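Working through the structure, step by step
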Amino acid sequence: MSRDYDVIVAGGGLTGLITATTIAKFTKQNKRILVIDRNDEVNPARKNISGWTCGDAVSKRSIDFYSKEVGITYESPELEHKVKGVVAFSPDRETKVSFDGEGYVLNRKLLGLRQVEDAKKLGVEFLFQTESEKLLSDNGYITGVEILDKDKNKKTLTANVVVDATGSASKLRQNLPLANSFMEKQIDRENDMETTGRYILEFDSGETDTSLYDEDYCIIHLNQDIAPGGYAWVFPKSDNKVNIGLGVQKKRLVTRNQRLGKNDTLQSLIDEYISSNTSIKNYRISSDVDDSGNTRGNWQVPVRRQNDCMVENGYVIVGDAAWLPRPIDAGGIGPGIFASVIAGKTIANALEAEDYSQNSLWNYNTEYVRNYGYQMASFEILRRFLQIVLNEKISYGMKHFLSADDVEKITSREHPSFDKVNMFNPLMLYKILTHWSLAKELRYTATKSNQLVTHSQNYPESPESFPEWQNKLHLLLNDAYSRFS
Ligand SMILES: Cc1cc2nc3c(=O)[nH]c(=O)nc-3n(C[C@H](O)[C@H](O)[C@H](O)COP(=O)(O)OP(=O)(O)OC[C@H]3O[C@@H](n4cnc5c(N)ncnc54)[C@H](O)[C@@H]3O)c2cc1C
């Protein structure tokens, strides 16, 4: 059946633009690929009215992957500042864990402009100031989208494949009009969504203290009083410019306020966090023209494993719409880049084969989960555990229970094995016995992690075996959910 487009990508943010560009790059004949974004053309990829709200940190590995696979290499000015790694501080700031590995702090506003330029060079078409309202379906397939154009007229556009890259608030996936879909429509907002916010500020240098500001490292502060159920961050953009903010889990903010007899909100926590930083003096909103319209914003990030199934007949989800950010640190740019490239190549193959079925698109699920997404369920469990642990125990655990091997594992994005928390280690016996419940639960997360990683690496090759695989996954997860509820 003839369609208006071969592919429609709803949402021209970071991941929608990479997916569209990758499809265009890997289709042999000229195919019509359309990106629909609600922003105007001079503000592409903006998440919401308050800007491109993000911590902006990404590993060099992710940027290099895109360059190697698709031939597009980001550079300055969209790669705004280079860093040597990330340092996470314990609540008492006495222990730091450095995750070395080069990375960048991006300028997301400039990156969006660069991405649109790259996509257009490969023939991708754009409809700006256009809202994707809902998915169209026919005979078990997604066949297009209903849009609201810039003059607020409702229209329908058809395509062989629709990619949903509309971010964490995706209304397309939530209202997926297919019966008996494997794709999960809703996230558990109470447990798996973080509320976050940040500023981009200029400042004068204050006290020299690399636990508070370091031009060479992205700093993370773990602290249940400052950022309950989440963490706070200080990511450098230069020697006098910073991306600074924090994220919380809403229900942990409520219990933290009850515990401390306070009435804080996300905004008051962010403002207090900034004003208490003695390395950042005389701070003010960035006056850099490249930050205009992007200096202050709040938004939400999903922090669970990716959607168990990311494809349907004629339909693919990527980025935050597929819940890709890492559960442990809410980093969604790296996973988003890997997934968008795999999704783009898979869709390009489906176009060549003229087969848009779930079966034909399934490779995206398998390749992404087996190579990148396999640790996410295990990080989801570690995150759920850490969210219920108070500051004193986190500081103690980071000081005494993390081994060099654990840090190396975390650096390479694997789950730590917490081998130090072993009853047969006489040197550790006293520490384990005095912090028994912490030691026991860390061991539990490590054992559970092994099971979840192994299970995820066996993600099914085709849709037929998916229900059985998913049942087992949920059995493994439910046991941990009830333990850490
Ligand atoms: C405060 C904060 C800090 C973060 N820090 C980091 C970090 O330091 N490192 C990291 O790796 N990740 C971080 N993340 C996560 C990261 O920003 C996201 O994972 C990433 O932006 C996801 O890209 P996306 O393209 O999927 O979605 P988005 O960036 O949200 O893009 C979605 C696009 O779709 C458009 N859109 C939405 N709905 C519609 C519609 N109905 N019709 C048309 N267009 C629509 C939007 O306007 C936007 O252009 C952070 C997130 C937040 C909120």
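It should be noted that the structure appears before, not after, this text.
Residues numbered from 1 in each chain as written. Predicted model: local features only at pLDDT ≥ 70, side-chain atom pairs only at ≥ 80, totals over all residues. Heavy atoms only, no water.

1. Thoughts on the pattern of salt bridges
Using the criterion set out here, one finds 38 salt bridges in the structure. One salt bridge connects Arg483 with Glu441, and the closest N-O pair in it is separated by 2.7 Å. Of this pair, Arg483 sits in helix 16 (residues 466-483) while Glu441 is found in helix 15 (residues 436-457), placing the two residues 42 residues apart along the sequence. For Arg483, a relative accessible area of 38% corresponds to the partly exposed category. (Salt bridge = Lys/Arg side-chain N within 4 Å of Asp/Glu carboxyl O. Helix = DSSP H or I, 4+ residues; strand = E, 2+ residues; numbered from the N terminus. Buried < 20%, exposed > 50% of the residue type's maximum accessible area, 1.4 Å probe, protein only.)

2. Looking at helix 11 (residues 376-386)
Among the eleven residues that make up helix 11, ten are buried, leaving the element largely enclosed by the rest of the structure. Met376, Ala377, Ser378, Phe379, Glu380, Ile381, Leu382, Arg383, Arg384 and Phe385 are the residues of helix 11 that are buried. Of the surrounding elements, those touching the buried residues of helix 11 are helix 5 (189-192), helix 8 (333-353), helix 10 (363-371), helix 15 and helix 16. (Contact = heavy atoms within 4.5 Å.)

3. Considerations on the nonpolar core
By size, the foremost hydrophobic cluster in this structure holds 116 residues, and its most contacted members are Val7, Tyr315, Val316, Ile347, Tyr364, Tyr368 and Phe401. In terms of residue count, helix 8 provides more of this core than any other element does, ten residues in total. Excluding residues that lie within four positions of it along the chain, Val7 makes contacts with Ile23, Arg32, Ile33, Leu34, Ala159, Val161, Val163, Ile347 and Leu351. Counting residues in each nonpolar core, the second largest holds 22 residues, with Tyr213, Val234, Leu246 and Ile274 among its members. (Core = buried A, V, L, I, M, F, W, Y, C linked by side-chain atoms within 4.5 Å.)

4. Comments concerning the environment of Leu17
Take Leu17: it is sitting in helix 1 (residues 14-26). Each C-alpha atom, one on Leu17 and one on Tyr368, is 18 Å from the other, the two residues being 351 residues apart in sequence. Not counting the four nearest positions on each side in its chain, Leu17 is found in contact with Gly12, Val35, Ala45, Gly112, Gln115, Val116 and Phe126.

5. Some points on the packing of aromatic side chains
Under the definition given, this model contains 18 aromatic pairs. On the numbers, 5.7 Å between centres and 85° between planes, the contact of Tyr444 with Phe484 is edge-to-face. Taken together, the residues span a long stretch of sequence, with Tyr444 in helix 15 and Phe484 in the segment after helix 16 at a distance of 40 residues. By way of ring pairs, the aromatic residues Phe182, Trp362, Tyr459, Phe466 and Trp469 are connected into one cluster. When the ring centre of Tyr481 is taken as reference, the NZ or CZ atom of Arg384 above it lies at 3.8 Å. The side chain of Arg483 reaches across the aromatic face of Tyr444, ending 3.8 Å from its centre. (Phe/Tyr/Trp six-rings, centres within 6.5 Å; stacked < 30°, edge-to-face > 60°. Lys NZ or Arg CZ within 6 Å of the ring centre and 35° of its normal.)

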